[in-house]
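Here's the letter readout for the chains.
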Amino acid sequence: MRIGKAAALCILLCVGAVGLLSGDWHGAAPGNVWSFPRDHWAHPEFRNEWWYFTGILEEASGGGRRFGYQFTVFRIGLVPEKPPLDSRWSAGQLFMGHAAAADLSAARHRFSDVLYRDIPLLAGFSIFPEPRLAWSLAPPGTSEPWELRWNGEGFDFRMRDEVRGLAFDLSTRPLKPLVLEGPGGYSRKGDTADAASLYYSFTRLETRGTLTLEGRSIPVRGTSWMDREMSTTALAEDQEGWDWFGLRLEDGRDLMLYRLRQKSGGGSFRRGTIVDAAGKPRYLEPADWSGRSVETWTSPHTGAVYPARWILEIPSAGLTLEVEPELADQENVARRSANLAYWEGAVRVRSRGAIVGEGYMELTGYGRNSRPPL
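Along every chain, residues carry numbers that run from 1 in the direction the sequence is written. A pLDDT threshold of at least 70 governs which residues receive local features in this predicted model, and a stricter bar of 80 or more applies before side-chain atom pairs are shown or counted, although totals over entire chains, interfaces and linings include all residues. Excluding hydrogens and water, the side-chain values take into account all heavy atoms of the structure.

Let us now look at the pairing of strand 14 (residues 239-249). Along strand 14, 10 of the 11 residues are buried, which leaves the element largely enclosed by surrounding structure. Pairing between strands requires that DSSP locate at least two bridges from one strand to the other. Working definition: helices are DSSP H or I runs of at least four residues, strands are E runs of at least two. Numbering for both runs from the N terminus. Of the pairings in the sheet, the one linking strand 14 to strand 15 (residues 254-262) comprises 9 bridges and is antiparallel in character. Looking across to strand 15, one finds that Gln239 is bridged to Gln262. Hairpin connection, strand 14 to strand 15: the antiparallel pair is bridged by 4 residues, and Gly252 has positive phi, about 100 degrees. Inspection of the sheet shows strand 14 paired to strand 23 (residues 354-363) by 7 bridges, in the antiparallel sense. Considered in strand 23, the bridge of Leu249 is made with Gly357. When a residue's accessible area, from a 1.4 Å probe over protein chains only, is under 20% of the maximum for its type it is buried; when over 50% it is exposed; and in between it is partly exposed.

Below, the structure written as structure tokens:
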């Protein structure tokens, strides 16, 4: 099974490259005209896209337990158009789902993943305005499907994995307006114009629902972050991965920062956004901020060495922040989607020793099988 899925991913990347060379895929470009809520639905003209949710939750009863979670739906294009084959198994794209929850009080992390063809029996992406945006079968041994829905204000989503002892059913609504990441939502990822994505976020989503761990259902509430990206050539060939931060500060500001690293270990490409308390963004150029890792953590699962604590500086905003994991081991090790491994976890933010915020950090490209198919 593992060899088959790794091979499937290699085929996916090769076929995607053929489509790219022939010009059949659309690329991200400046001047995109957005239309909401329609643009929350799938855009199969791009090779890849994702809907990405992370958040910090607590027991709704006030019991004191805290949790971090991640829910991501990837649409991965195989070919620009579905093959004209007389088969119910014919597919032009894949549904890949990743879900994780960290019990921050008990210091335990769980992860689940699925990978299915976009065919009626297995998974699908809906057309606007059907409320269900995307769905797939659950992992083997679980009957309820994974789903992502638009509720008219925000997003509802659910997943379950009986074998891993993980499930959640969450509903969100925005506390701040939608933010375009980069001017007009055009987000550069490299020096060439086509190394880019179309990118927007909801940086604060009120979140309520139920989290289930090892058979126990816990009513929860908290705040989430939603990222949405569409691209065809987001990463250059010499880039091995990225470091991404989505942080909410107690003073009402939100920070999105990312840097893409070169395989040679040389310089990186970085950008960012500061969203003020009213929801107005200010875009950061490379000279506007810096980040450095001051500790590392070695995974007992994969042997990968990840940055574990960061110092982020944005002088023009008067910010020097220390970002540290709420739990060291929040590595996601996929078993059903090409053995992909990366670190995705809840973090706390400090300034001069005091906690001033919370959020999530994503680290990819460390160790083997660590670069997502983008």
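To continue, consider unusual backbone geometry. Residue Pro37 is reached from Phe36 by a cis peptide bond, and omega for that bond is 10 degrees. Residue Pro129 is reached from Phe128 by a cis peptide bond, and omega for that bond is 10 degrees. Mapped onto the secondary structure, Pro129 falls in the loop between strand 5 (123-125) and strand 6 (132-136). One non-glycine residue, Glu214, adopts positive backbone phi at about 50 degrees. In this model, Arg352 sits at a positive phi of 55 degrees, which is unusual for a non-glycine residue. With respect to the helices and strands, the residue Arg352 is situated in the loop between strand 22 (341-351) and strand 23. Residue classification places Arg352 among the exposed positions, given a relative accessible area of 87%.

Turning our eyes to something else, we now look at the confidence of the model for the protein chain. Averaged over all residues, the pLDDT of the protein chain is 91; the fraction at 70 or higher stands at 91%. pLDDT gives the predictor's per-residue confidence on a scale running from 0 to 100. We call two residues in contact whenever any of their non-hydrogen atoms come within 4.5 Å of each other. Across residues 1-23, confidence stays below pLDDT 50; counting only partners more than four residues off in sequence or on other chains, it has 27 contacts.

The residue Asp113 is located in strand 4 (residues 108-117) in this model. A 3.5 Å cut-off defines polar contacts: any pair of N or O atoms within that distance qualifies, except that in protein one atom must be a possible hydrogen donor and the other a possible acceptor, and neighbouring residues in sequence count only when both atoms are side-chain atoms. A distance of 3.4 Å separates a polar atom in the side chain of Asp113 from the backbone nitrogen of Arg335. Of the polar contacts made by the side chain of Asp113, one reaches the backbone nitrogen of Arg336; its length is 2.8 Å.

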